[in-house]
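# Examining the three-dimensional arrangement
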2 protein chains.
Amino acid sequence: MEKRLERIKKHLHSQSYKLTPQREATVRVLLEHEEDHLSAEDVYLLVKDKAPEIGLATVYRTLELLAELKIVDKINFGDGVSRFDLRQEGAAHFHHHLVCIECGAVDEIQEDLLGDVEEIVERDWNFKIKDHRLTFHGICHRCHGNKETNNE
Amino acid sequence: MEKRLERIKKHLHSQSYKLTPQREATVRVLLEHEEDHLSAEDVYLLVKDKAPEIGLATVYRTLELLAELKIVDKINFGDGVSRFDLRQEGAAHFHHHLVCIECGAVDEIQEDLLGDVEEIVERDWNFKIKDHRLTFHGICHRCHGNKETNNE
DNA sequence: TTATAAATAATAATCATTATCGATTGACAC
DNA sequence: GTGTCAATCGATAATGATTATTATTTATAA
């Protein structure tokens, strides 16, 4: 964790940004909640535990900065808030998501899966892919197990 | 076009909803701008030409209703507004999008492409897929042609 | 026609996000 | 150390998309 923080610090410095205490506290929260998909408000509340004097605007500014540097990805599941997700270090592509329409859980798929599809899109549509967003909506394995869903 | 409108009318009636003049005007705008990805505000302004007395809230309500009935899909490209896209009649799956980071153009991919991927996800993650969202961000064929992009 | 529920227009309210602005901080020159 | 400058910050106002409210209108059917 300290290693990743150190690398993020270097990444910021390479772009002439500083890792201020507020930014560090924000990054730490993201590192500690890597599995979650926190909204800016969520992050704000968690950061306040570490740095009670931090302002909401600073959290927004920091998340925006981290997104710009591709350290986090800003995603939207259609519920009216943006969520922030740490990009896997060294991952060539942004991971995918499984959103359960029963319980609301969001699971991640780290596997690429889109290799062939991207090849087709680049060739047939002459489109140079820089990033992607893939989200499946459906019933997760937990809800799926709880009750038989034979309809449709 | 009238045929599709008629079918949408039937679809509404089957759920005990009426195709009021305001709703009809809204659907007509969507049919006439099938290629576009209009925001609620966009739709509102266009509908006002047909039905000047319509209220913004009615457009929102109508779009929400149409989304609920799966006649349109609500999508979000991360620019702060929801956009509404008519679902292709008879299409098993929602189509995909290519968003150009140069010019902002949004193109559609009607081909499925995800068949194999969905099979893997359903099997390996035990996730019952009901819907999906796939968007590629990159350089479209128009911008791609204008200047050589050899970086990266 | 009259009762009733659905739908509407106008507009107020909400909520996430962004902009503003004065204060603070840290790096560096002197 | 002190001054200067730019980056950053906290507080909060402003914005803008969306939703809720409410009184009114419309459609439907007895």
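Treat the numbers as computed from the prediction; the structure is a model and nothing was measured. (Residues numbered from 1 in each chain as written. Chains lettered and ligands numbered in written order. Predicted model: local features only at pLDDT ≥ 70, side-chain atom pairs only at ≥ 80, totals over all residues.)

### Some remarks on the nonpolar core
For the record, the criterion: Nonpolar cores are built from buried Ala, Val, Leu, Ile, Met, Phe, Trp, Tyr and Cys residues. These are joined into a set through C-beta atoms within 7 Å. Partly exposed residues are those whose C-beta has more than 12 but fewer than 20 other C-beta atoms within 10 Å; 20 or more makes a residue buried and 12 or fewer makes it exposed, with C-beta atoms placed from the backbone. We count a stretch as a helix when DSSP gives it H or I for four or more residues in a row; a strand needs E for two or more, and each element gets its number in order from the N terminus.
Counting 24 residues, the largest nonpolar core has A:Leu98, A:Val117, A:Phe127, B:Leu98, B:Val117 and B:Phe127 as the members making the most contacts within it. Secondary-structure elements contributing two or more residues to this core are β4 (96-100), α5 (115-124) and β6 (128-139) of chain A together with β4 (96-100), α5 (115-124) and β6 (128-139) of chain B.

### Notes on the protein's contact with DNA strand C
Selection criterion: Residues are counted as near a molecule or strand when the C-beta atom, derived from backbone positions, lies within 6 Å of that molecule or strand.
With respect to spatial proximity, 20 residues lie near DNA strand C, and among them A:Ala57, A:Ser82, B:Thr20, B:Gly55 and B:Thr58 are the closest. Counting residues per element, the ones that place at least two in the surface near DNA strand C are α4 (56-68) of chain A together with α2 (21-32) and α4 (56-68) of chain B. The element best represented in the surface near DNA strand C is α4(B), accounting for four residues.

### Thoughts on the UniProt feature "binding site: Fe cation" (unreviewed entry) in chain A
For the record, the criterion: UniProt positions are given in the numbering used here, feature names are shortened, and annotations may be inferred rather than shown by experiment.
Feature annotation in UniProt assigns "binding site: Fe cation" (unreviewed entry) to the following positions: A:His132. The residue A:His132 is located in strand β6 in this model.

### Notes on the interface of chain B and chain A
To be explicit about the condition: Whether two residues are in contact depends on their C-beta atoms, placed from the backbone: they are in contact if these lie within 7 Å. Only strands joined by at least two bridges in the DSSP assignment are considered to pair.
With 30 residues of chain B at the interface, the matching set in chain A holds 30 residues. Elements supplying a minimum of two residues to the side of chain B that touches chain A: β2 (72-76), α5, β6 and α6 (141-146) of chain B. Broken down by element, the side of chain B that touches chain A gets its largest block of residues, 12 residues, from β6(B). One ladder, built from 11 bridges, connects β6(A) with β6(B); its direction is antiparallel. If you follow A:His132 over to β6(B), its bridge partner there is B:Phe136.

### Some remarks on the protein's contact with DNA strand D
Test applied: All residues other than Ala, Val, Leu, Ile, Met, Phe, Trp, Tyr, Cys, Pro, Asp, Glu, Lys and Arg, Gly among them, are scored as polar; the first ten of these are nonpolar and the last four charged.
Around DNA strand D, the structure places 21 residues, and the nearest of them are A:Thr20, A:Gly55, A:Thr58, B:Ala57 and B:Ser82. Those elements giving two or more residues to the surface near DNA strand D turn out to be α2 (21-32) and α4 of chain A together with α3 (40-50) and α4 of chain B. For the surface near DNA strand D, the leading source of residues is α4(A), giving four residues. In terms of residue class, the surface near DNA strand D is made up of eight nonpolar, seven polar and six charged.

### Considering the relation of the copies chain B and chain A
For clarity, the cut-off: Here the copies are matched by least squares. The fit uses the C-alpha atoms of residues with pLDDT of at least 70 in both.
Once chain B is rotated about the relating axis by 180° and shifted along it by 0.0 Å, it coincides with chain A to within an RMSD of 0.0 Å. In symmetry terms, the pair is related by a two-fold rotation axis. Residue B:Leu134, judged by its C-alpha, is the member of chain B lying nearest the rotation axis, at 2.3 Å. When the interface residues of chain B are mapped onto chain A, 100% of them again lie at the interface, so the same face is used by both copies.

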